[in-house]
Amino acid sequence: RLAKVEADEDGDQGDDLTALICAIETLTDYVGTHKKKKTIVIVTDGLSDIDWSAEDVVVKQLLKHSIELVVIGVDFDDPDVGFKEEDKPELRAKNEDHYRNLVSQLPDSLVATAEEAYMSSQAPKPKVTDSRPLYATLRLGDPEKYPDDSLELKLSYYKATSKATPLSWKKMSMRGYGQQDTDEPRSFAVNRETKYFYAPQPVEKTIESLLEKEGMEAIEEEDIMEAEAESKELEVVPEEKKESLVKAYKYGSTLVPFRDEEDLNMLQLPGAREGIEIVGFMKERSLDRAFAMGEVYRFFGSDNYSSVAFSAFLNALSEDGRCALVRWTKKYRDRCTDPKIGVLLPRVEGELEYALYVRVPFAEDVKKHFFPSLTTIKNRVGEALTEHKYLPTTEQCETMDNFVQAMDLMDADVDADGAVCPWFDVSESFSPSIHHVKNAVLYRLANPDDETLPIVHPTLSRYFNIPGLVEERADPHLQKLKELFEVKQVPPKMSATRKKAKVNQEVDDEEIDLDDILGTAGEDEDVGMQDVSQVKANELSKDEGLISLDDPMKDWQEIVGAGKGDLVSGAVKSMMDVIPRIVKDASRSAEAINCLEALRETCASEDEIDTFNNWIPSMLDKLQTETTATSFLKKMKQQGLGLITRDMVTDEGSRDSAATESAAKKFLSRI
């Protein structure tokens, strides 16, 4: 509206106070007697002549109509930061004093500098909105089959908390920018373009296909790096093939396509119906508090009968300290959506009675992780030990306790009075991904040609860094922990395929000295022939003779324990040949168990999982008929030395090769 106002050259020249009077009249005429929040903002540099004779009248009008006044002064003094303009013009100083006197007489009004106004506009402002009521049916039992022994209530529910999301894609515009001859706003539209890509092939398969095609001898380090880069590139689906695309849903790690309406009916749960069904009750104290961090709803009775019955239901739950486990199914168009499991928590606060709905996960979606004890460990015999190299000492435990206590945030800050106070406040913590994205969009809208981004508001970056007090008092304990636990930086682990290729390249790069193999030139021919036969004998026994029958564990430690990576595969094959031969001697069953345990651990860490899991069933079949293997097989079953399972494998890429827990248990049941 202001853009259409034209200056009257023949009229009287107005000032700031005249503009304020016009704003009051316009605002009261437009809003009327509605009790809405009314604010007038004046932006001024204080360098224009102002007639302040009507100041008292303006104050009375602002108080009468409950209008707040915000004065943004360019180059005004800021007492909070100690800024005061030197050689300030007398006119600006006079107008600034009048503005401060005017604002001091009005509630909820203020004088701010331009910098304060800008920073305030960038500060996060959480939007509090009222939720509109929605309706649902609560059932206890089956009203259709057992109408006399069931309960059905009509409830209304509101959102108590809602997930905040970043600024969505939409059309943004700025009126008047770049357009002189039209009143229409110039638009900066964000157009959505959908592209489909082929799923990238895993880098392991890319390298394996390269090895099969080129051979291990021809592949180089650059070829592997190029294959890894290609696996990250996405190939666009051509336009002519888009029409043949169909929706697919994940079932485990498999994609199941749905081509027509009949296939989509498979997703419909048989017997599903809209509403909330009570499936059980549980103690409220056993509910995991983390579940309440999602979206929460408030439920009330929607009619007289439902309100009375729902009140009795909530009071009964509250007195017993229980909550109701429910299954909630909503309806979208003509089909029911996937059911959600949740709990109804009773809340009785005087005359206000309602239930909070909190969604909980299905049992199959909860991943449980079990960690070994920090106080005891069992040896191979099954005895519990309290002192071991894998157990922390008393000094280590005390130092860790001190380190954790030093990181306590409840006394990590100091207030204005010098008293210790908590450092973190949830009500003052905001998500930068939401609020700063909004600031960046608005900044780019106002500055379309500027390639920079606005600075992050201090409120958003307040909790980015560790508080200085915490860092100061925790650092000594951290340094001591590093010494006690001998913490060292672990180099990045190379993938198994890449490791084999690198070892092969190093072998190929080594120079072969024929004199070392065939004997020194000029020596007797018989001696040369003897050396050649000896070399051939060593090469033939390289895989089979690395581990001896006399002391297999000693040979194993010399190869594997010493980190001779190029001999590990040969040692594994040799140990697999030695163990069944040792078992034939019943007195060496304990020694055979130690060999099997060492072999199993090494295969799990050295990417020999398939080799071990393919070998151990065949070994078991051979030993089942051996009478001397009874003691060995018994100990093998007691200690669970079967297939290598996924929890033993640390490398994510090799974990799929390991067996599942059920497969491992099934294997041991054969013994």
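Since we're looking at a predicted model, the values are computed, not measured.

Draft legend 1. Spotlight on the environment of Asn-315. Mapped onto the fold, Asn-315 is located in helix H8 (residues 304–320). On the basis of relative accessible area, Asn-315 is assigned to the partly exposed category, the value being 24%. Counting along the chain gives 32 residues from Asn-315 to Arg-347, while the straight-line C-alpha distance between them is 8.4 Å. Sequence-distant contacts of Asn-315, defined by excluding residues within four places in its chain, comprise Val-348 and Glu-353.

Draft legend 2. Examining helix H16 (residues 568–583) more closely. Spanning 16 residues, H16 covers 22 Å between terminal C-alpha atoms, matching the ideal 22 Å at 1.5 Å per step. A large share of H16 lies buried, amounting to 12 of its 16 residues. Within H16, the full set of buried residues consists of Val-568, Gly-570, Ala-571, Val-572, Ser-574, Met-575, Met-576, Val-578, Ile-579, Pro-580, Ile-582 and Val-583. Along its buried surface, H16 packs onto helix H15 (552–561), helix H17 (589–605), helix H18 (609–623) and helix H19 (630–638).

Draft legend 3. Representation of the sheet that holds strand E2 (residues 67–73). Sheet architecture is open: 3 strands sit in the order E1-E2-E3, paired in parallel fashion. Two strands close off the open sheet at either side, each with one partner strand: strand E1 (38–44) and strand E3 (110–113). Geometrically, the sheet is characterised by an average inter-axis angle of 20° between neighbouring strands, direction not taken into account. Here E1 pairs with E2 via 7 bridges, running parallel. By the bridge assignment, Lys-38 is partnered in E2 with Ile-67. This element, helix H1 (residues 16–31), spans E1 and E2 of the sheet and lies at about 155° to E1. Together, E2 and E3 form the strand contacts of helix H4 (residues 114–122), whose direction differs from that of E3 by roughly 95°.

Draft legend 4. Representation of the pairing of strand E11 (residues 296–301). Relative to E11, strand E5 (residues 151–159) runs antiparallel, the two sharing 5 bridges. Counterpart to Tyr-157 in the pairing with E11 is Phe-299. Pairing analysis gives 4 bridges linking E11 to strand E16 (residues 352–359), with the strands arranged antiparallel. Considered in E16, the bridge of Arg-298 is made with Leu-356.

Draft legend 5. Structural view of the packing of aromatic side chains. Scanning the model with the defined rule gives 16 aromatic pairs in all. With 6.0 Å between their ring centres and 75° between their planes, Tyr-158 and Phe-300 make a pair best called edge-to-face. Separated by 142 residues along the polypeptide, Tyr-158 in strand E5 and Phe-300 in strand E11 bring together distant segments of the chain. Note on Phe-299 and Trp-328: the rings are 5.6 Å apart at their centroids and 70° apart in plane angle, and the pair reads as edge-to-face. You can see Phe-299 sitting in strand E11 and its partner Trp-328 sitting in strand E12 (residues 322–329), a full 29 residues away along the chain. Its relative accessible area of 0% is what places Phe-299 among the buried residues. Classification of Trp-328 by relative accessible area gives buried; the value is 5%. Taken together, the aromatic side chains of Tyr-157, Tyr-297, Phe-299, Trp-328 and Tyr-357 make up a single cluster linked through ring pairs. Here the basic side chain of Lys-330 rests over the ring of Trp-328, its NZ or CZ set 4.6 Å away from the ring centre.

Cut-off values and rules
- Residues numbered from 1 in each chain as written.
- Predicted model: local features only at pLDDT ≥ 70, side-chain atom pairs only at ≥ 80, totals over all residues.
- Heavy atoms only, no water.
- Helix = DSSP H or I, 4+ residues; strand = E, 2+ residues; numbered from the N terminus.
- Buried < 20%, exposed > 50% of the residue type's maximum accessible area, 1.4 Å probe, protein only.
- Contact = heavy atoms within 4.5 Å.
- Expected span 1.5 Å × (residues − 1).
- Pairing = 2+ DSSP bridges.
- Axes fitted to C-alpha atoms, helices over the stretch in contact; angles between N-to-C directions.
- Phe/Tyr/Trp six-rings, centres within 6.5 Å; stacked < 30°, edge-to-face > 60°.
- Lys NZ or Arg CZ within 6 Å of the ring centre and 35° of its normal.

That's the geometry; what it means functionally is another story.
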